[in-house]
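Residue-level structural notes
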Amino acid sequence: MIPESHPRYRSLIIRERLAASTKTGVVSLEGLTAHGRGEAFDYLLGEKTTESALRAEKIAAALLLVARHPVISVNGNTAALVAKEIAELQVISKARVEVNLFHRTDERVKVISNLLKDQGITLVEGDVSRYIPLDHDRGLCHFDGMYSADVILVPLEDGDRAQALIAMGKKVIAIDLNPLSRTSKVATVPIIDEVTRAIPNITHFCKELCSEEIQELTQTINGSEFIKDALEYIRERLLDVLD
Ligand SMILES: Nc1ncnc2c1ncn2[C@@H]1O[C@H](COP(=O)(O)OP(=O)(O)OP(=O)(O)O)[C@@H](O)[C@H]1O
Ligand SMILES: CC(C)(COP(=O)(O)O)[C@@H](O)C(=O)O
Ligand code: BAL
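Definitions and limits used
- Residues numbered from 1 in each chain as written.
- Chains lettered and ligands numbered in written order.
- Predicted model: local features only at pLDDT ≥ 70, side-chain atom pairs only at ≥ 80, totals over all residues.
- Heavy atoms only, no water.
- UniProt positions renumbered as here; feature names shortened; annotations may be inferred.
- Pairing = 2+ DSSP bridges.
- Helix = DSSP H or I, 4+ residues; strand = E, 2+ residues; numbered from the N terminus.
- Axes fitted to C-alpha atoms, helices over the stretch in contact; angles between N-to-C directions.
- Contact = heavy atoms within 4.5 Å.

By the naming in an unreviewed UniProt entry, the protein is 4-phosphopantoate--beta-alanine ligase, taken from Methanospirillum purgamenti. In its Function (unreviewed entry) section, UniProt records this for the protein: "Catalyzes the condensation of (R)-4-phosphopantoate and beta-alanine to 4'-phosphopantothenate in the CoA biosynthesis pathway."

1. A word on the sheet that holds strand E3 (residues 151–155)
With parallel pairing, five strands are arranged side by side in an open sheet as E2-E1-E3-E4-E5. Every interior strand has two partners, whereas the edge strands, strand E2 (96–99) and strand E5 (189–191), have only one. Strand-to-strand twist of the sheet, defined as the mean angle between neighbouring strand axes without regard to direction, takes the value 20°. Direction of pairing for strand E1 (residues 70–74) relative to E3: parallel, over a ladder of three bridges. For Val-71, the partnering residue across the bridge sits in E3 and is Ile-152. Sheet strands in contact with helix H4 (residues 76–93) are E1, E2 and E3, and its direction is about 170° off that of E1. Each of E3, strand E4 (171–175) and E5 is contacted by helix H8 (residues 195–208), which is oriented at about 130° to E4, the strand it contacts most.

The following block contains the structure:
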C-alpha cells in the first residue's frame, strides 16, 4: 500500500501498475527494465513536462489532425500505462490504433488487445505481415494500419523500427524520455517526456488547436531542436544541483 503522502507516490503507483501488468502478460519483464531507464531520465528532467516537450506535443497533435491515415502504435508498457488516455486521443484524433510488440506472442497480443478494447478503443486487427523490413517482430504490422499510415505515434519505441518507418516515408512521432535514444534522434517529432504526461497533453492540443495554428505548426518541423532543448535543460539542472 503506497500512501498518497509518499514523495514519490505517482512514480511508485506507476511502478506497481507495471509490475502487476507483468503477471497478466500485458507488460514484458524487459518492459520493467525499459521503464527503469525511462525513470532515470525523468529524474534528470525533474519529472515534469518541459516547455520544449509541450511544444513537441502541440506539433504532434497538429500532425495527427492533418494526417490522411494517422496510426498510434501500442506496446505493452504503453497499454499498461495509458490505455484510457489513448482511447481519448483516438476519439479526438480519429487515429487508428494498432498493437505492435517487440516481445511478441499471440497471447500478449490478445491480452493487450482486450485491455485496449475494454477502454473503448477501436483496434486494427486481423492478419499481420512483415511490412516493415526488420528482423524482429516489430516488423509485423497490419496493411490498413501502420503500413498505410502517413503519421505514426510510437511511444517507447525501438530505434531501428523508427528508422525503418522514416525510410518508408512516414512521419514518426516518438515519446521517449531518453533524448539520446536512437528513436529520439531519428523521429520527425521526438517528444522527450513521460508517456502518462505526454498523451493527455497531445489530446488537449487536439481539442484546442485552430486550423491556422495547425497549418503553422506543421509547415517546418525541426526534431533535433527538442533533443538539444532536453539536453540543455538537463545540463542546467545538473549545474544547479552542483551549486
Ligand atoms: N514511461 C515512459 N515514458 C517515456 N519514455 C519511456 C518510459 N519508459 C521507458 N521510456 C523510454 O523508452 C525507451 C524504450 O526502451 P527501448 O529499450 O526500446 O529503447 P532504447 O533501446 O533505449 O532506445 P533506442 O532503441 O531508440 O535506442 C527507452 O529509451 C526509455 O528511456
Ligand atoms: C520492453 C519494450 C520497451 C516493449 O516491449 P513490448 O511490449 O514487447 O513491445 C521493448 O521495446 C524493449 O525495449 O525491449
Ligand atoms: N526494444 C528492444 C530493442 C531496442 O531497444 O531497440
